[in-house]
Structure formats: structure tokens, C-alpha cells
Amino acid sequence: MRRIGPAVALFFLSPLVAEFLLGDFTFVMLPMLLILAPLYGGAAVVVRELVRRTNRGWPSMIVLGLAYGVLEEGVITQSLFDPGYAGAHLLDDGFVPALGIAVPWTLFVLTLHTVWSIGVPIALVEEASVRRTVPWLRTPGLVVVLVLLALGAFGTTMFSYSSDHFIAPWPQLAAVVVIVALLVTVAFRIPAGGMVARDGRGVAPGAWVVFGVVVVAGALFMGTKWLPDAAGVPAMLTAFVLAGVTLATWSRRAGWDGRHRLAAAAGALVTYGWNSFFMEALAGGGPVLTPLSRAVFAGAALVLILVVARRLRRSPAQPAMAVTVRQ
């Protein structure tokens, strides 16, 4: 368990962040973890293990997270194309008939999966582990997780189909498969780790600066739900640039370490925490239970951040002269 413990933690943390901290479910729905974990947790573990087994790092992690999001929303749930999905009218705004998708929803949901379903849980568990960049599972364990992921994907597909019996036209499904294949190819074309990447423009800023930038970008991204499409989509793209460019640049500078990675993950986690208070629960909600659950999950997220921060403070200091692309 000491060896596979981080993988088990990630398996359950991913759905906890993706659905419960988001605000979709209250804590009375926690048994749903057993249903949600194979898909969300299975994907997070597989993404993380494949990246670390091939000696790659966060660029590959992000691209594979995006590939997972495209696969889930394009094929498994088909929310990218289903105008009646969950009765939420997701395609009413910004719909592009030629593509069969709504641009605001597509950008929004794919970001949720890339950042919060995959990226944030991996970052938190890795920083809490003493084996951050090495595989946690042997081949049999990885095979087990792959089987669980396949079962989770099949079960979610059947559940989504049973709700309104929607199946997207085959050209759209084929396009999704091609896009996923291209993203996976790109992820594994990114050079493996081991090369020293230096940036001559100074050292990385303090961890609190990283946290602040992510919180601002998160607020800008989540705030787009209250904006018209003409302003919402540019605001999303601005949030992507703000967070993506700054983190990509700073992570190549001397001094970037676990404190900065935790700060980025913490900023995203705090964003989900405050945003949950503006979400309507999909199941298990109530006038008292819903806000209480939001507070409980947000509080648990803060405790998790503090626990990981304490572990980092107790760990040996890392060299600050250079960082590698594996980070």
C-alpha cells in the first residue's frame, strides 16, 4: 500500500474534485464515488502513469488531460453535440451549425476536465508523495486501472444514452476520435525529460504570486457564465493566456519547485471551492444540505492544501539552479 497508495489516493481524489468540489453533488451522494472513480480516477491515474513511465512531464500531462476531456464529452457523454443533454440547454448559446457544437460550452467543459478532473488532482497527490516523478504502479496494476477505466467509460456511455437516446452523427464522432488520436500523438511527441531548461530572465516569482495569478485567471474563467458570448469567449481565452503563458514561462526559471506547483494547484482548487456556491446540485441537494455540503467540501480542500504544504516544508530543499522539463 505504501507503494500504490498515491495511485489509490488519486483514483478517488479526481472524482471528488471533478464532481463534489465542483458542486454537482452533496455529501449524501458520496457513495457515488464508487461509480465515478473508474472513469475520472481511472483516467487521471492512467494519464499520470503513462507520462511518468515515458519520462515526460506537465506539458504531456495537460495534452493528455485535454484528450480525455474531448473523449468523455465527445463520445462517452456526447454533451458537446447533444442539445438536450441533462436538460441543461448547453448548446443554446454560441452554437455553430457547421461544427455541431456550442463554442462557449466546448471551451468551458474541456477546460474543466483538463485542469480540474486531471491536472489538479495529479499535482496535489504528486506533491504529497515522496515518489513524485516515478511510476506508482507496476504493469499488472496499470492493467487493472485500464480495465476499470474501460468499465467506467462503458457504464457512463450507457447511462448517458438511456437519458434521451441521443447519438451524434458519425462524422462528428469520427472527428472526435481523430482529434483524440492527434492529441495523444502530440503528448508523446513532446521530448522526454532529462534536459535542463533554463530561462535567462531571472528566477521564478514567489509561490504566492503564482497562487494569485491562478486565482485571478480562475475568477475570469468562471465569471464568463455571467457574461454574453461576445464577451465570455474572449474572457475565457484571456484566462487561458494569463494562466498558461505565465506558468509555462515561470516554470522554466531557476527556483521553480514544489511550492510553486502546489500554489498553482491550490489556486485552481480554491477557484472550484468558491464557484461551487453558485452551482445548482444535480442530485442530493436541499436548502440546507446544499450550502452545507459546499462549505464542507471547500473546507476539506483547504485542509488538503495545508497538509501538502506542511509536507513540502518538511522535505529537503530542492536545488534552485535549474529545473527540468519533467516538472
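Given the structure is predicted, the values throughout are model-derived calculations rather than measurements. Per chain, residues are indexed from 1 in the order of the written sequence. It should be noted that, the model being predicted, local features are given only for residues of pLDDT at least 70 and side-chain atom pairs only at 80 or more, the latter also being counted only at that level, while totals for whole chains, interfaces and linings use all residues. Water and hydrogen atoms play no part in the side-chain values, which are based on all heavy atoms of the structure.

**A short note on the overall build of the chain**
In DSSP terms, a helix is any run of H or I states spanning at least four residues, a strand is any run of E spanning at least two, and both are numbered starting from the N terminus. Across its full length, the chain carries 10 helices and 4 strands. Walking the chain from its N terminus toward its C terminus, one meets helices and strands in the order α-α-α-β-β-α-α-α-β-α-α-α-α-β. Just to be clear, the radius of gyration here is over C-alpha atoms, and the globule rule we use is 2.2 Å times residues to the power 0.38. What you see for the chain is a C-alpha radius of gyration of 19 Å, in line with the 20 Å of a compact globule of 327 residues. Projected onto the principal axes, the alpha-carbon positions of the chain cover approximately 55 × 40 × 40 Å. Out of the 327 residues belonging to the chain, those deemed buried represent 48%. Note on definitions: a residue-residue contact is assigned when non-hydrogen atoms from the two residues lie within 4.5 Å. A separation of at least 24 residues holds for 80% of the contacts in the chain among residues at least 6 apart in sequence. For the accessible areas, the method is Shrake-Rupley and the probe is 1.4 Å, while residue cover comes only from the protein chains on display. Surface summary for the chain: the accessible area is close to 15500 Å², and the carbon and sulfur share equals 74%. Only protein chains enter the accessibility calculation, which uses a 1.4 Å probe; a residue is then buried when its area is under 20% of its type maximum, exposed when over 50%, and partly exposed in between.

**Structural notes on unusual backbone geometry**
Where the residue is not glycine, phi is negative for most of them; where a peptide bond is considered, it is trans in most cases. The phi torsion at Asn55 lies on the positive side, around 60°, for a residue other than glycine. Note on placement: Asn55 falls in the loop between helix H2 (33–53) and helix H3 (58–76). Located in the positive-phi region is Gln78, a residue other than glycine, with phi close to 60°. Relative to the assigned elements, Gln78 resides in the loop between H3 and strand S1 (95–96). A relative accessible area of 9% means that Gln78 is categorised as buried.

**Brief notes about the packing of aromatic side chains**
Classification of ring pairs uses Phe, Tyr and Trp, with its six-membered ring standing for Trp, and accepts pairs whose centres are within 6.5 Å; under 30 degrees between planes counts as stacked, over 60 as edge-to-face, and the remaining range as tilted. Applying the stated rule across the entire model yields 11 aromatic pairs. Chaining the aromatic ring pairs together yields one cluster made of Trp105, Phe108, Trp116, Phe221, Phe240 and Tyr272. For a lysine, the NZ atom is tested; for an arginine, the CZ atom; a charge sits over a ring if that atom is within 6 Å of the ring centre and within 35 degrees of the ring normal. When the ring centre of Trp136 is taken as origin, the NZ or CZ atom of Arg48, which lies over that ring, is 3.6 Å away. Lying over the aromatic face of Trp226, Lys225 brings its terminal NZ or CZ to 5.4 Å of the ring centre.

**Description of the layout of surface pockets**
Of the volumes computed, that of the largest pocket is approximately 1600 Å³. Along the wall of the largest pocket there are 47 residues; nearest its centre are Asp24, Tyr85, Leu90, Trp105 and Leu282. Mapped by element, the contributors of at least two residues to the lining of the largest pocket are helix H1 (5–21), H2, H3, helix H4 (103–128), helix H5 (139–164) and helix H8 (229–250). Per-element tally for the lining of the largest pocket: the top contributor is H4, with 7 residues. Amino acids outside the nonpolar list (Ala, Val, Leu, Ile, Met, Phe, Trp, Tyr, Cys, Pro) and the charged list (Asp, Glu, Lys, Arg) are all regarded as polar, and Gly is one of them. The residue inventory of the lining of the largest pocket, partitioned by class, reads 27 nonpolar, 12 polar and 8 charged. In this analysis a 1.4 Å probe is tested at points of a 1 Å grid over the protein atoms alone, and where it fits but cannot get out there is a cavity; an open set with protein on both sides within 12 Å along at least five of seven lines is a pocket; lining residues have an atom within 4 Å of a point. Grid points are joined across faces, edges and corners, and a volume is the space filled by probe spheres set on the points.

**Description of the side chain of Thr290**
Within the fold, Thr290 resides in helix H10 (residues 289–314). With relative accessibility at 16%, the residue Thr290 sits in the buried group.

**Observations regarding the pattern of salt bridges**
Whenever a carboxyl oxygen of Asp or Glu lies within 4 Å of a side-chain nitrogen of Lys or Arg, that contact is scored as a salt bridge. Considering all chains together, one arrives at 6 salt bridges under this definition. A salt bridge links Glu49 to Arg48; the shortest N-O distance between them is 2.8 Å. Given a relative accessible area of 0%, Glu49 falls into the buried group. Salt bridges here are not isolated pairs; linked through shared partners, they connect Arg48, Glu49, Arg52 and Glu126.

**Focus: the packing of H3 against helix H6 (residues 170–189)**
Note on definitions: angles span 0 to 180 degrees between N-to-C directions of axes, and those axes are lines fitted to C-alpha atoms, for helices only across the stretch in contact. It is at 8 Å that the axes of H3 and H6 come closest, and there the two elements cross at 170°. As judged from the angle between their axes, H3 and H6 are roughly antiparallel. Residues Ser60, Val63, Leu64, Leu66, Ala67, Val70, Leu71, Gly74 and Val75 of H3 pack against Leu173, Val176, Ile179, Val180, Leu183, Val184, Val186, Ala187 and Phe188 of H6. The residue inventory of the contact of H3 with H6, partitioned by class, reads 16 nonpolar, 2 polar and no charged. Should an angle lie under 35 degrees it is considered roughly parallel, over 145 roughly antiparallel, and from 65 to 115 roughly perpendicular; all remaining angles are considered oblique.

**Things to note about the nonpolar core**
For this analysis, a nonpolar core means a set of buried residues of the types Ala, Val, Leu, Ile, Met, Phe, Trp, Tyr and Cys, connected via side-chain atoms within 4.5 Å. Membership of the largest hydrophobic core comes to 82 residues, with the highest contact counts inside it found for Trp105, Trp116, Phe221, Leu269 and Tyr272. With 12 residues, the single largest contributor to this core is H4. Ignoring anything within four residues of it in the chain, the contact list for Phe221 reads Leu107, Phe108, Thr111, Leu112, Trp116, Met236, Ala239 and Phe240.

**Side note on the side chain of Glu19**
As for its placement among the helices and strands, Glu19 is situated in helix H1. His is not counted, nor are the chain ends, whereas Lys and Arg count as positive and Asp and Glu as negative. Arg294 is the oppositely charged side chain nearest to the buried, salt-bridge-free Glu19, at an N-O distance of 10 Å. Polar contacts here mean pairs of N or O atoms no more than 3.5 Å apart (in protein, one a potential hydrogen donor and the other a potential acceptor; neighbouring residues in sequence count only if both atoms are side-chain atoms). Here the side chain of Glu19 touches Tyr40 through a polar contact of 2.4 Å, side chain to side chain. Setting aside anything within four residues of it in sequence, one finds Glu19 in contact with Asp24, Phe25, Leu36 and Tyr40.

**What to know about a nonpolar patch on the surface**
Think of a patch as exposed residues, more than 30% relative accessible area, with no salt bridge, where like charges cluster within 9 Å and nonpolar side chains (Val, Leu, Ile, Met, Phe, Trp, Tyr) cluster within 5 Å. A cluster of nonpolar residues, Met1, Val8, Phe12, Leu34 and Ile35, forms a patch on the protein surface that exposes about 520 Å² of accessible area. Those elements that place two or more of their residues in the nonpolar patch are H1 and H2. If you trace the backbone, Leu34 turns up in helix H2.

**Side note on H8**
Take the residue count of a helix, subtract one, and multiply by 1.5 Å to get its expected span. The terminal C-alpha atoms of H8 lie 31 Å apart, and with 22 residues this matches the ideal 32 Å at 1.5 Å per residue to within 8%. Where H8 is concerned, the buried positions are Gly232, Val233, Ala235, Met236, Ala239, Ala243, Thr246 and Trp250.

**So, the confidence of the model for the chain**
The pLDDT score gives, residue by residue, the confidence of the prediction method on a 0 to 100 scale. Across the chain, the average pLDDT comes to 93, with 94% of residues at or above 70. Segment residues 318–326 is flagged for pLDDT under 50; beyond a separation of four residues in sequence, or across chains, it makes 34 contacts in the model.

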